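Each chain is listed here by its residues.
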Amino acid sequence: SLDMEGALTARDRVGIQDFVLLDETTDAAFLSNLKKRFSRDLIYTYIGTLLVSVNPYKELDIYNKKQMETYMGINFFELPPHIYALADNAYQTMLTEFDNHFILISGESGAGKTEASKKILQYYAVSCPSTTLLNTVRDKMLMSNPVLEAFGNAKTLKNDNSSRFGKYMDIQFDSQGDAVGGHILNYLLEKSRVVHQNHGERNFHIFYQLVEGGEDDLLHQLGLERDAQHYNYLTQGECAIVSSINDRNDWKTVKNALQIINIEEINTNHLFGIVSSVLHLGNIRFESNSKGQAVLANNDELRWVSNLLGVDARSLQEGLTYRKIEARHDQVLSPFTVDHAIYARDALAKAIYGQTFTWLVNRINESMENKDPSRKTVIGLLDIYGFEVFYVNSFEQFCINYCNEKLQQLFIQLTLASEQEEYEAEGIEWEPVQFFNNKIICDLVEEKHRGIISILDEECLRPGDATDLTFLERLEDKMGNHPHFVTHKLADKMTRKTLERGDFRLLHYAGEVTYCSHLCLTRQNVLFFSLLKLICQSKNAIVKECFSTMDADSRRRPETVATQFKSSLLKLTEILMAKEAWYIRCLKSNESKQPGQFDEALIRHQVKYLGLMEHLRVRRAGFAYRRKFDVFLKRYKPLCPATWPHWRGEPADGVEVLVQHLGYLPNEYKMGRTKIFIRHPRTLYATEDAFEKCKHELGERTSAVYYQCPVFATTKIETCWRGVQARKEREKRAWAVKVIKKFIKGYMNRGQAKSSDNSEYLAFVRQNYLNRLKNHLPKTVLDKTSWLPPPAVLTEVRHLLSRYCVKKHSNIFKGKKESYPQSVAQPFMDTRITSNQTHKPTVFHSVFLQYSVPVIKYDRNGFKPRPRQLVLTQTAAYVIEEAKIKQRVLYTSLKGISVSNLTDGIIVFHITCEDPKQKGDLVMQCDHLFEFLTKLCVIANKQNAVKVVQGSIKIEIQAGKESAVDFSTGHEPMVYKAKNGHLMVVRRVLFLMMTSCVLSALP
Ligand SMILES: Nc1ncnc2c1ncn2[C@@H]1O[C@H](COP(=O)(O)OP(=O)(O)OP(=O)(O)O)[C@@H](O)[C@H]1O
Ligand SMILES: [Mg+2]
């Protein structure tokens, strides 16, 4: 496999691009390779198809459009590792297998998950085909990011743009591969941040954006001052201004994005009304009167809140300072202490902010919704808050870290565990790889009746005030000697020193975290009933909508936040388990957010807890690909004469014959009980390439002309498949023996109805006839007599064929274009690739390529001729130069096609100019005009768009600027820019006619 490795490492020549190829699987070798690559800004490395990404903390020039184009439709291992390669691979697999996928992006806070998910979305926005209509869906998907980040991200100690909510986004694709819709599921927003921030942290970005960037009028209307220092809820972390964040610019982006996702102006006003009401709430202060009851210290802020939320000021004041107890017929008002009042105020702020966030997600979902009911496949992107440890960790950190624990469990299940279980079930010889299974920690947190969440629930819901001490005691009772749980009481002497009495510590997969049990209880605070009732009557449309669904009168025991979160994660796991998984593991390069710093200890720790070494060991020893025998056989059987068209025996035997024929080496695959296991992805890719090539050939055999297979796939095969040449000879001979046997059988059964005995023979007869026919086609359409007599089994073919040649384009060109009659005898080809290898459109996966032909393209301004390759896919025509896409013309924006009525190859594409990306009409000359346009008509359904024009063809050089193509005659065919600025096309045919006129005029 040295050639292959050589080829792989040669691409960027720094370290090794796939850890699977590493010489030794030690931590040191792993780290050294990562470091080597990181020092040269190569942040991506594979472990098989898993992508490891190291946060560079600086802008790298690897996410531009050119890079995207490079990665479109390539085979995964052909280019240096990149997030685009993974995105593309998932996309291509989804299209060919027509199933659902998800990309799991994990890593601790600040490792680069959110950035990664944005890169993937941007890639799809550029790489998937799309119509103008769909562009709007695409814009909405892209624009949902700045909005959700403004409301759901904040600066923390770990990350200046830390996601404080979990996000799972489905991107829906139709069978053509167009991105047609999207849907977001959001997970538990860290609401406590609205009212409290630790030192060095901020509230959610949107508050600062509004205060810093909001227009004067708006701020005036909302009663806000342009000064973050003025607001209690913004200043507890003492870092309202951060150098890496430009709140003023971000404000503009968010405002613009809100428009794109269809939030009406009136709702935008309501939205910022809510945001500012939170700021005013935070400034409401309470004082204690002589009886120890809370009273409001300032009325202004209260008035603003009541104003902005559209609730009665007196009732609001009452709600903030009294608890209303409804007895049978009366209400009893029980006054709050200052602490209680603050608690009520904060609960209100958190509730309205949290509900508003959900409202936003719903609105985004409505705007991205695809209403077309036809079947879609999806790629899900999971970007959730990463594992984090702070000095003080409360309920939110507990949820966030539990969530990461669950995702790690999912990863283990889908890769390490299930993989090894499968080998065992399939009877594959296997040396088990040991790994740490964190299921024990998940159980500790979530087990029914016994886990921490259950105990937390009981404490929160039982009557009377729960205290942290009772909570802690219950925990100690139940978890007493769990290896991942420690409290002050349970700890040994050494550990005890590091624990406060009210704390409990979990030994997570990613590290130890000490939680404050007091904060775990109180941070769950719920809105008092009377405030909830009041807020339900809000005149602010968004608040009203949010709270109207909440059943204020319900006396049912509510689910606690922790339990809700637990069930939502359970549901998420189910969603993900039903899809094919792809993994991106993000690593944080250093704690200080600095570019170029590779903190070895920090990275070693992450590599360890993410289980990357174990993953590597399983990958190295294991098999990249597996498929049930029948499925594998069904797809690849055309690759082997013995399995095509039918294999009569056991599928397993068929697969064995097939892979023998393909030349798989014994150590490259294993036969399980029901599945074939293929060790390296490259073996599969080579097989898939061969399949693509073969599909072309199969198509050919049944159409009119046999031709040499296109070169797309062949070169790939040659590079991918070691020793394939040598094996071919041997195979050919074996194959010949089989074929001759079959041939004889076929000959004997040739008169019978088509069956497996004679079908290949008949195909041979047909092909043979067509080959001969190619060289003996009748000279004109009208000549019905000189067709080569067909063999008996093909009598109907001749008939069809003579119709085929004429009919296919007769409606469009017959009797209209001068050169048409001569063209009829020329056979059509399925595609034409110039011998010039540089035009090979490698940018296309052959699945997409429908037809390709060399053309001369004339520049719009100087009409300079440029040799190009024109490629047709299902949705667009591409002008290609040396494997680069120069121009894309979507069929939807191709409003007309003009050709002259004369003998020339000029073709004009008239392109809708509303599309700002298009530069005007496209003028080309093509030697295979009839073939090209017939293909285009069939693929793009454009029969009615083709016009045969007499005189000159009008063209639009750019919006509003016209020119024309004129035609004339001369001695030599020429195309040039004439003095009048038109493109002059001179043809020679008439010269011959002239000579014949002159000759005939002679005596
Ligand atoms: N590929 C990248 N190129 C350049 N900078 C990056 C890249 N990935 C991440 N960063 C930098 O790291 C910062 C943190 O990344 P990101 O917000 O994606 O982390 P995260 O994993 O989502 O963290 P959290 O769990 O806190 O949400 C980014 O704001 C950016 O400055
Ligand atoms: Mg994030």
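These figures come from a predicted structure and were not determined experimentally. (Residues numbered from 1 in each chain as written. Chains lettered and ligands numbered in written order. Predicted model: local features only at pLDDT ≥ 70, side-chain atom pairs only at ≥ 80, totals over all residues. Heavy atoms only, no water.)

If you tally the helices and strands in the protein chain, you get 36 helices and 31 strands. Residue burial in the protein chain is summarised as follows: out of 1003 residues, 54% are buried. Of the contacts formed within the protein chain by residues at least 6 apart in sequence, a portion of 64% connects residues at least 24 apart. Total accessible area computed for the protein chain in this model is approximately 46100 Å², and 52% of it derives from carbon and sulfur atoms. (Helix = DSSP H or I, 4+ residues; strand = E, 2+ residues; numbered from the N terminus. Buried < 20%, exposed > 50% of the residue type's maximum accessible area, 1.4 Å probe, protein only. Contact = heavy atoms within 4.5 Å. Areas by Shrake-Rupley, 256 points an atom, 1.4 Å probe, with all protein chains shown as cover.)

We now examine helix H2 (residues 27–39). Here H2 contains 13 residues, and its C-alpha end-to-end distance of 18 Å stays within 8% of the 18 Å for a straight helix at 1.5 Å per residue. When we look at burial in H2, the residues that qualify are Ala29, Phe30, Leu31, Asn33, Leu34, Arg37 and Phe38. Where H2 is buried, its residues meet strand E1 (44–47), strand E2 (50–54), strand E16 (580–587), helix H25 (600–609) and helix H26 (612–621). Residue Asp41 follows H2 closely and has a positive phi angle near 65°. (Expected span 1.5 Å × (residues − 1).)

The description of two packed helices rests on the angle between their axes and on the distance between the axes. The contact between helix H16 (residues 395–425) and helix H17 (residues 439–446) brings their axes to 9 Å, and the two run at 140°. The angle between H16 and H17 places the two elements in the oblique class. Handedness of the crossing formed by H16 with H17: left-handed. Taking contact as the criterion, the partners of Phe398, Tyr402, Glu405, Lys406 and Gln409 in H16 are, on H17, Lys439, Ile441, Cys442, Val445 and Glu446. (Axes fitted to C-alpha atoms, helices over the stretch in contact; angles between N-to-C directions. Parallel < 35°, antiparallel > 145°, perpendicular 65-115°, else oblique. Left-handed = near helix turned anticlockwise from the far one by under 90°.)

Note: most residues except glycine have negative phi, and most peptide bonds are trans. At the junction of Trp644 and Pro645, the peptide bond is cis and its omega measures out at -5° in the coordinates. The phi angle at Glu238 is positive, at roughly 55°, despite the residue not being glycine. Looking at the element boundaries, Glu238 is found in the loop between helix H10 (232–235) and helix H11 (247–260). Overall, Glu238 belongs to the exposed group, its relative accessible area being 63%. Positive phi, normally seen in glycine, also occurs at Phe863, with a value near 55°. Inspection of the secondary structure assignment puts Phe863 in the loop between strand E20 (851–858) and strand E21 (865–872). On the basis of relative accessible area, Phe863 is assigned to the buried category, the value being 4%.

A surface patch of like charges, here positive, comprises Lys493, Arg496, Lys497 and Arg501. Mapped onto the secondary structure, Lys493 falls in helix H20 (residues 493–496). Given the relative accessible area of 74%, Lys493 is considered exposed. (Patch = residues over 30% accessible without salt bridge, like charges linked within 9 Å, V, L, I, M, F, W, Y side chains within 5 Å. Salt bridge = Lys/Arg side-chain N within 4 Å of Asp/Glu carboxyl O. Lys, Arg positive; Asp, Glu negative; His and termini not counted. Charge placed at Lys NZ, Arg CZ, Asp CG, Glu CD.)

Here Pro56 shows up in the loop between E2 and helix H3 (65–71). The sequence separation of Pro56 and Lys593 amounts to 537 residues, and the corresponding C-alpha distance is 8.8 Å. If we skip the residues at most four places from it in the chain, Pro56 touches Phe38, Ile43, Gln594, Pro595 and Gly596.

Among the nonpolar cores identified, the biggest contains 182 residues, and Leu34, Ile103, Tyr124, Phe151, Phe207 and Phe504 are the most heavily contacted of them. Ranked by the residues each element gives to this core, the list is headed by helix H15 (residues 338–368), at 14 residues. Once residues within four sequence positions are removed from consideration, Phe151 is found in contact with Leu189, Phe204, Ile206, Leu271, Val275, Tyr353, Phe357 and Leu360. With 31 residues, the next largest nonpolar core counts Phe813, Phe932, Leu936 and Cys937 among its residues. (Core = buried A, V, L, I, M, F, W, Y, C linked by side-chain atoms within 4.5 Å.)

Spatially, 8 strands are ordered E23-E22-E21-E20-E26-E25-E24-E27 in an open sheet, and the strand pairing comes out mixed. What marks the edges here is a single partner per strand, and that holds for strand E23 (884–890) and strand E27 (946–949). Adjacent strand axes in the sheet meet at a mean angle of 35°, parallel and antiparallel pairs treated alike. Where E20 and E21 come together, 8 bridges link them in antiparallel fashion. Paired with Ile856 across the strands is Pro867, a residue of E21. The strands that helix H35 (residues 929–940) touches are E20, E21, strand E24 (894–900), strand E25 (906–911), strand E26 (922–925) and E27; relative to E25, the one it contacts most, it runs at about 30°. (Pairing = 2+ DSSP bridges.)

A few words now on the pattern of salt bridges. Opposite charge on two side chains makes pairing possible when the charged atoms of those side chains draw close. Per the counting criterion, the structure on display carries 35 salt bridges. Where Arg450 meets Glu447, a salt bridge forms, and the shortest distance between an N and an O atom there is 3.9 Å. On the basis of relative accessibility, which here comes to 52%, the residue Arg450 falls in the exposed class. By sharing partners, the salt bridges in this structure join Arg164, Glu190, Arg193, Glu201 and Glu388 into a single network.

Another point: the coordination of the magnesium ion (ligand 2). All of the protein donors around the magnesium ion (ligand 2) are Thr114 (OG1) and Ser163 (OG); their distances to the metal are 2.0 to 2.1 Å. Residue Thr114 is found in helix H5 (residues 113–127), and its partner Ser163 is found in strand E5 (residues 162–163); the two are separated by 49 residues along the sequence. Side by side, Thr114 and Ser163 carry an identical accessibility label, which is buried. (Donors = N, O, S within 2.8 Å, 3.2 Å for Na, K, Ca; no water.)

What follows is about the site of ligand 1. Looking at ligand 1, there are 19 residues lining it, with Asn55, Ser109, Lys113, Ser162 and Gly386 nearest. Within the contact set of ligand 1, an oxygen atom lies 2.9 Å away from a backbone nitrogen or oxygen of Glu115. At 2.8 Å from an oxygen atom of ligand 1 is found a main-chain nitrogen or oxygen belonging to Gly386. If ligand 1 stood free it would expose 630 Å²; the protein chains cover 88% of that surface. Residue assignment for the shell around ligand 1 shows that the elements contributing at least two residues are H5 and E5. For the shell around ligand 1, the residue count by class is 5 nonpolar, 10 polar and 4 charged. (Near = heavy atom within 4 Å. Polar contact = N/O pair within 3.5 Å; in protein donor to acceptor, adjacent residues only side chain to side chain. Nonpolar A, V, L, I, M, F, W, Y, C, P; charged D, E, K, R; others polar.)

Turning next to the confidence of the model for the protein chain. Per-residue confidence for the protein chain averages 82 on the pLDDT scale, and 81% of its residues sit at or above 70. For the protein chain, per-element mean pLDDT is lowest for helix H30 (residues 711–720), which scores 33, and highest for strand E4 (residues 153–154), which scores 98. Across residues 802–809, where pLDDT falls below 50, the model places 14 contacts with residues more than four positions away in sequence or in other chains. (pLDDT = per-residue confidence, 0-100.)

A word on the packing of helix H18 (residues 452–461) against helix H24 (residues 561–577). Here H18 crosses H24 at 150°, and the two axes come no closer than 9 Å. By the angle class used here, H18 and H24 are roughly antiparallel. Judged by residue contacts, Ile453, Leu456 and Asp457 of H18 engage Ala562, Thr563 and Lys566 from H24. Classifying every residue of the contact of H18 with H24 gives 3 nonpolar, 1 polar and 2 charged.

Turning our eyes to something else, we now look at the packing of aromatic side chains. The tally for this structure, following the rule as stated, stands at 32 aromatic pairs. Seen from their ring centres, Tyr84 and Tyr123 are 4.9 Å apart, and the 20° between their planes marks the pair as stacked. Residue Tyr84 is located in helix H4 (residues 83–97), and its partner Tyr123 is located in helix H5; the two are separated by 39 residues in the primary sequence. Taking the relative accessible area as the measure of exposure, Tyr84 reaches 0% and is therefore buried. (Phe/Tyr/Trp six-rings, centres within 6.5 Å; stacked < 30°, edge-to-face > 60°.)

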